[in-house]
Structures are given as structure tokens and as C-alpha cells.
Amino acid sequence: MTSVTISKRLQTIARYCPEGARVADIGSDHALLASYLLVKGIASHVIAGELNEGPYQAALKQIHTLQERQHASVRKGDGLAVLQPGEVDVICIAGMGGGLISSILEAGADKLTGVKRLILQPNVGEELVRRWFMENGWQLLAETILEEDGIIYEILVAERGEVTLPYEQKDRSLEELLRIGPFLWQEKSPVLQQKWLNEREKWDKVLLQLQKSDKPEAAERIRQIQEEVKWIDEVIACLHTDKQ
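Analysis parameters
- Residues numbered from 1 in each chain as written.
- Predicted model: local features only at pLDDT ≥ 70, side-chain atom pairs only at ≥ 80, totals over all residues.
- Heavy atoms only, no water.
- Helix = DSSP H or I, 4+ residues; strand = E, 2+ residues; numbered from the N terminus.
- Buried < 20%, exposed > 50% of the residue type's maximum accessible area, 1.4 Å probe, protein only.
- Pairing = 2+ DSSP bridges.
- Right-handed = clockwise from strand over helix to strand, strands pointing away.
- Contact = heavy atoms within 4.5 Å.
- Axes fitted to C-alpha atoms, helices over the stretch in contact; angles between N-to-C directions.
- Phe/Tyr/Trp six-rings, centres within 6.5 Å; stacked < 30°, edge-to-face > 60°.
- Lys NZ or Arg CZ within 6 Å of the ring centre and 35° of its normal.

Asks: In this structure, what is going on with the environment of Glu 187? I would like to understand it.
Replies: By secondary structure assignment, the location of Glu 187 is in helix H7 (residues 182–187). Judged by its relative accessible area of 45%, Glu 187 falls in the partly exposed class. Spatially, the C-alpha atoms of Glu 187 and Glu 159 are 21 Å apart, while their sequence positions differ by 28 residues.

This is how it looks when you write it as C-alpha cells:
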């Protein structure tokens with residue numbers, strides 16, 4: 001049997017793939033996830049989609065090493081354009097910004113016919129993905145936050161359903177939960193706390209630079225950031241208190 005080694009991040013995505021599913025990985029990163037899903041017997045068929053020639057060739061090369069390669073397809077194209085409607089049960093998109101992921105889903109909406117599950121890992125802009133789910137009839141089912149090699153990742157899983165259900169919590173507003181993640185807020189893991197500590201540190205650096213500025217608009221921007229930092233501090237305090 002061919003051996004495929006993948007990161008903790010991709011292993012977590014793989015765990016959310018139902019057994020026997022036909023899976024498309026869009027922007028497949030050398031088709032590593034697709035290969036793993038086949039080798040482990042999780043997916044019955046995989047499609048690895050790549051936009052650019054270099055990654056496309058790398059994915060082809062990787063799939064060619066597999067004994068199970070007859071159950072795989074590597075395609076070159078933009079986003080969901082590589083798919084036919086009804087061709088897959090699961091779509092994975094990982095390692096892109098939340099805005100780009102949302103636009104890929106929006107542009108390929110006709111290709112979502114028959115798709116039962118979306119497994120998405122935005123590098124930034126998780127809120128944009130959650131909002132896209134809500135606006136397009138996809139119910140957030142699960143979230144995982146993890147740290148690997150000093151980078152924090154969030155993985156979001158959705159199926160069609162009751163879009164507001166995960167957000168029916170009394171201690172946070174809908175807008176706040178779209179930012180934080182409703183399941184992550186319930187779990188309150190140390191990694192989530194670290195994520196918001198990192199955010200606070202980022203804004204502190206921005207404030208430091210703005211406070212040196214003599215531009216008239218700097219004062220208003222400082223005020224906005226101070227409001228943001230105040231909110232982040234309150235979130236961190238809740239996360240810390242609930243873990244005591």
C-alpha cells in the first residue's frame with residue numbers, strides 16, 4: 001500500500017469526510033489530502049482541482065504514485081469550474097482566505113447541486129465563510145481550531161439545513177458568534193484564547209504606529225481600534241474565566 005503523510009491540519013479535514021464519499025479538493029496542495037483519502041479508504045473517488053500549471057503538474061505526479069489512482073482525477077481550472085453538477089458529495093477548500101473561498105463557492109453555485117457537505121479551512125476571514133453559509137442555506141455543523149507549527153487554523157464544516165441553529169446562544173450576539181465561531185465559543189479551547197491574544201497584539205502594533213502619526217484621520221482610526229481592542233479584551237477575559 002502506498003503511504004501518504006499529511007499535516008495535522010489536513011488530517012483534521014480528512015476526519016470530517018464521510019466514508020465512501022466522492023470528494024473534490026479545490027486548490028489541492030499537491031493532491032496530498034486527496035491521496036490520503038484514497039489510501040486510507042475514506043473516499044471512494046477524489047478530484048483534485050488546481051488553477052495554475054505548476055501545482056496541477058505536482059498534483060498529477062502525486063496521484064500517479066498511488067495504486068488507487070484509477071479512483072482519482074486531477075483537473076486544471078478555476079475553482080468549482082473543474083466539477084460537473086452532481087459529481088461529488090463533499091467539497092474541501094483549504095489554505096485560502098475566507099473572501100476567496102466565499103467567492104469560489106459563489107461563482108460555482110451551480111456546481112453545488114448534490115453536494116452534501118462543505119469542509120473549509122480559511123487562513124483568514126473565517127467570519128466571511130460563516131456568513132456565506134448563513135446567506136446560502138448551509139448550516140454550520142462543526143468547527144475545529146488547532147495550532148500547527150506556530151500557525152492557528154480553523155476548519156468549518158457545513159451541510160444544508162437550519163442556518164441560524166448554531167447561533168442560538170444567550171451570551172453572545174449573532175455578529176459576535178460569526179466572528180468567534182459558535183462551536184469554538186462553546187468549547188473555549190486554549191487555542192481560541194491564543195488566537196484572540198494574537199489579534200490583540202496585532203492591533204497594539206497598529207495603534208503604536210498610528211499614535212506617531214500627525215494625519216487628521218489617525219485620531220478616528222485610533223478610536224475605532226481602541227473599541228475593537230476593548231471587545232477583544234472582553235472576549236479573552238471570558239475565555240480565561242470560563243477555563244478557571
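Asks: What should I look at first to understand the pairing of strand S2 (residues 43–50) in this one?
Replies: Looking along a regular strand, one sees the side chains alternate between the two faces of the sheet. Among the eight residues in S2, six count as buried, and that is most of the element. Pairing between strand S1 (residues 21–26) and S2: six bridges, direction parallel. From the neighbouring strand, Ile 26 faces S2, where its bridge partner is Gly 49. Between the parallel pair S1 and S2, the chain is carried across by helix H2 (residues 32–39), and the sense of this crossover is right-handed. Relative to strand S3 (residues 72–76), S2 runs parallel, the two being bridged by five bridges. In the sheet register, Val 46 faces S3, and the bridge partner there is Ala 72. Crossover S2 to S3 through helix H3 (residues 53–64) is right-handed.

Asks: Sorry if this is basic, but what is going on with the environment of Ala 109 here?
Replies: Relative to the assigned elements, Ala 109 resides in the loop between helix H4 (98–107) and strand S5 (117–122). Residue Ala 109 is classed as partly exposed on the basis of its relative accessible area of 42%. Sequence separation of Ala 109 and Gly 54 is 55 residues, and the distance between their C-alpha atoms is 27 Å.

Asks: Any chance you could explain the side chain of Ser 35 here in plain terms?
Replies: Of note, Ser 35 is situated in helix H2. Here Ser 35 is in contact with Val 4, Gln 62, Ile 63 and Leu 66, once residues within four sequence places are set aside.

Asks: Where do I start with the sheet that holds S2 in this structure?
Replies: Whenever strands of a sheet pair, they do so through backbone hydrogen bonds, lying parallel or antiparallel. What the seven strands build is an open sheet, ordered S3-S2-S1-S4-S5-S7-S6; its pairing is mixed. The strands lining the two open edges of the sheet, one partner per strand, are S3 and strand S6 (138–148). Shown here is a sheet whose adjacent strand axes are inclined to one another by a mean of 15°, direction ignored. Relative to strand S4 (residues 90–96), S1 is paired through four bridges, and the arrangement is parallel. Bridging across to S4, Ile 26 finds its partner in Ile 93. Packing of H4 onto the sheet brings it into contact with S4 and S5, and relative to S4 it is tilted by some 150°.

Asks: Whenever I open this one, the packing of aromatic side chains confuses me. Can you help?
Replies: Both the distance between ring centres and the angle between the ring planes are used here to describe each pair of aromatic rings. If you walk through the whole model with that rule in mind, you get two aromatic pairs. For the pair Trp 132 and Phe 133, a centre-to-centre distance of 6.4 Å together with 65° between the ring planes defines the contact as edge-to-face. As far as the burial class goes, Trp 132 and Phe 133 line up, both buried. When the centroid spacing of 5.3 Å and the interplanar angle of 85° are considered together, the rings of Trp 196 and Trp 231 count as edge-to-face. Here Trp 231 lies in helix H9 (residues 218–242) and Trp 196 lies in helix H8 (residues 190–210), a separation of 35 residues in the sequence. Grouping residues by exposure puts Trp 196 and Trp 231 together as buried. The ring of Tyr 153 carries the charged tip of Arg 9 above its face, separated from the ring centre by 5.3 Å. In this structure, Lys 188 is placed above the aromatic ring of Trp 185, and the distance from its NZ or CZ to the ring centre is 4.0 Å.

Asks: Help me out: how do you make sense of H2 in this one?
Replies: Residues three or four positions apart in an α-helix share a direction because the helix packs 3.6 residues into each turn. When you tally the buried positions in H2, you get seven out of eight residues, the bulk of the element. Taken as a whole, H2 has its buried residues at Leu 33, Ala 34, Ser 35, Tyr 36, Leu 37, Leu 38 and Val 39. Each element contacted by the buried residues of H2 is listed here: helix H1 (8–15), S1, S2, H3, S3 and S4. Among the residues trailing H2, Gly 41 stands out with phi positive, at a value near 75°.

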